[in-house]
Amino acid sequence: MKLAMTTALAGAMTLSASAAFAQDEEKIDVGMILPYVGVYASLGEEIDQGFMLALEEAGMTDRFNIIREDTEASPQVGVAATRKLILEDEVDVLTGLVSSGVLGAVRDFVDQSQTPLIVSNAGNDEATGEDCSPYITRVSFSNAQVNRPMGQWLYDQGMRTVYTLAPDYAAGQQHIGAFVEAFEEAGGEVVGQDYTPFGQTQDFGPYLTTAQAADPDAIFVFYAGSEAINFVKQYDSFGIKEETPLYGSGFLTSQLYLEAEGPAAVGVVTSLHYVPTLDTPENKAFVEAFQAAADRLPSEYAVQGYDAGRSLVEAVKAGATDRESIKEALREVSYTGPRGPLEIDPATNNIVQNVYIYDIVEGENGLTQELIDTVEAVRDEPNGCELE
Ligand code: PHB
């Protein structure tokens, strides 16, 4: 009797264990590599929230097992985190990366291990250019993509000379590089440039003094995270905004930093692939859902996380279950989302999307983004990438 019961119990246990195993087997293991501390911590949190919203919206949170690792915006930490997710956790897909420096550092390992990676921020041009990989798909932007349209646009506004500033790492050089190339092509002249120590510059005063001495028509910058907040506030206190207007890559006055920047952000004109004021049904629905979940307006980082999640959802819905099939299905992703129409360019695996030129104004309910211009369906040249 005792033996029979034990056998029955053991049988039941085996059955439930194998049922649970089968269920677990069906789950897609997702390695989420984002900065959760340091200069880009708030970006990581926002991307994570957007990603989870996409899974919830699809009713598919149970289908995925999310394993989070912190990159701290440090290439060394990012490589260790990526290796752990690929080798120890054996994830089916990776997503995340905020810093271009970290993306550059993990690129070879991702490619060689044949693990699909959905980039949800890092704009590193090479990752979808000369160092592209069939395993790297980017649903955020490339650094060149968001800045190139501003070159001609600034010239058309009558600006003939600029001074540029950015943090001294890959993204800083690439954001500024793309703008400068387009501005010079339009006929403009760069009268000076400087790069500030990344993540360490508290006081931009000395750099602004040098910039002012060069007497440019305008200043063009790239800053993000806590550096964007400090820069915008210090530029305003410096007192030259009227005579030397501030332009830049649109992350500078992201919705994510706007409250902290306050009135110092008013009048700053930039370009970006998303602003929460876009007047479309898709964006309105997204803003409402994000606000309900997070109790604040979404920024471009939330949308990037959301689109990374939604791309993965679409890939899985199309039947993808493992590294190879996920990588293939991601290339087919195309829909109209919060930021407008998007598709993955088969030539580079980079996103094709609109770029919006906007400024910050004092609205009825506080500071807000006013859309000035839309450059439609911006696509990067293959730049040495040969995916097709
Ligand atoms: C980057 O390092 O590629 C980067 C970081 C923060 C941004 C945009 C680009 O807001």
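Residues numbered from 1 in each chain as written. Predicted model: local features only at pLDDT ≥ 70, side-chain atom pairs only at ≥ 80, totals over all residues. Heavy atoms only, no water.

Thoughts on the side chain of Ser120
Move 1: As for its placement among the helices and strands, Ser120 is situated in the loop between β4 (117-119) and β5 (136-138).
Move 2: Judged by its relative accessible area of 1%, Ser120 falls in the buried class.
Move 3: Apart from residues no more than four positions distant in its own chain, Ser120 is found in contact with Leu34, Ile47, Thr95, Gly96, Leu97, Ser140, Gln304, Gly305 and Ala308. (Helix = DSSP H or I, 4+ residues; strand = E, 2+ residues; numbered from the N terminus. Buried < 20%, exposed > 50% of the residue type's maximum accessible area, 1.4 Å probe, protein only. Contact = heavy atoms within 4.5 Å.)

So, the environment of Ala73
Move 1: Mapped onto the elements of the fold, Ala73 is located in the loop between β2 (64-70) and α3 (75-88).
Move 2: As a C-alpha pair, Ala73 and Val98 span 25 residues in sequence and 7.0 Å in three-dimensional space.
Move 3: Those residues within four positions of Ala73 in sequence are excluded, and the remaining contacts are Pro35, Tyr40, Ser99, Val102 and Phe198.

As for the pairing of strand β7 (residues 189-196)
Move 1: For strand β6 (residues 161-167) and β7, the ladder comprises seven bridges, and the chain directions are parallel. Across the sheet, the residue bridging to Ala166 is Tyr195, located in β7. (Pairing = 2+ DSSP bridges.)

Looking at the environment of Arg83
Move 1: Relative to the assigned elements, Arg83 resides in helix α3.
Move 2: You can call Arg83 partly exposed: its relative accessible area is 40%.
Move 3: Residues Arg83 and Val106, 23 residues apart in the sequence, show an inter-C-alpha distance of 8.6 Å.
Move 4: The residues touching Arg83, leaving out its near neighbours within four places in the chain, are Glu88 and Phe109.

Structural notes on the site of the ligand
Move 1: The immediate surroundings of the ligand are formed by 17 residues, with Ser100, Gly123, Tyr169, Phe251 and Tyr301 found nearest.
Move 2: The contact in question runs from an oxygen atom of the ligand to an N or O atom on the backbone of Gly123, over 3.0 Å.
Move 3: Between an oxygen atom of the ligand and a side-chain N or O atom of Tyr301, the distance comes to 2.6 Å.
Move 4: For the ligand, whose unbound accessible area comes to 280 Å², protein coverage reaches 100%.
Move 5: Per-class residue counts for the shell around the ligand are eleven nonpolar, six polar and no charged. (Near = heavy atom within 4 Å. Polar contact = N/O pair within 3.5 Å; in protein donor to acceptor, adjacent residues only side chain to side chain. Areas by Shrake-Rupley, 256 points an atom, 1.4 Å probe, with all protein chains shown as cover. Nonpolar A, V, L, I, M, F, W, Y, C, P; charged D, E, K, R; others polar.)

Quick notes on the layout of surface pockets
Move 1: Looking at the largest pocket, its volume works out to about 380 Å³.
Move 2: Along its surface, the largest pocket is lined by 16 residues, and Ala144, Arg148, Ala178, Glu181 and Asn383 are the ones closest to its centre.
Move 3: Among the elements of the structure, α5 (143-156) and α6 (170-186) are those that each provide at least two residues to the lining of the largest pocket.
Move 4: In terms of residues, the lining of the largest pocket owes the most to one element, α6, which gives six residues.
Move 5: Among the residues making up the lining of the largest pocket, the classes are represented as four nonpolar, four polar and eight charged.
Move 6: Counting the residues that make up the lining of the largest pocket, at least three belong to each of domain 1 (8-142 + 278-353) and domain 2 (148-272).
Move 7: One number sums up the size of the second largest pocket: a volume of about 240 Å³.
Move 8: Counting residues per element, the lining of the second largest pocket draws most heavily on helix α9 (residues 255-261), at four residues. (1 Å grid on protein atoms, 1.4 Å probe; cavity = no way out; pocket = protein on both sides within 12 Å on 5 of 7 lines; lining within 4 Å. Points joined across faces, edges and corners; volume = space filled by probe spheres on them. Domains from an automatic or database assignment.)

Observations regarding the packing of aromatic side chains
Move 1: One pass over the full model with this rule turns up 14 aromatic pairs.
Move 2: Here the aromatic rings of Phe179 and Phe220 are separated by 3.7 Å at their centres, their planes lie at 5°, and the arrangement is stacked. Of this pair, Phe179 sits in helix α6 while Phe220 sits in strand β8 (residues 218-221), and the two are 41 residues apart along the sequence.
Move 3: Overall, Phe179 belongs to the buried group, its relative accessible area being 0%.
Move 4: Here Phe220 falls in the buried class, since its relative accessible area comes to 0%.
Move 5: For the ring pair Tyr223 and Phe231, a centre distance of 4.9 Å and an interplane angle of 25° mean the geometry is stacked. The residues Tyr223 and Phe231 share a single accessibility class, namely buried.
Move 6: If you follow Arg83 out to its NZ or CZ, it ends over the ring of Phe109, 4.6 Å from the centre.
Move 7: Taking the ring centre of Tyr155 as reference, the NZ or CZ of Arg160 above it sits at 3.7 Å. (Phe/Tyr/Trp six-rings, centres within 6.5 Å; stacked < 30°, edge-to-face > 60°. Lys NZ or Arg CZ within 6 Å of the ring centre and 35° of its normal.)

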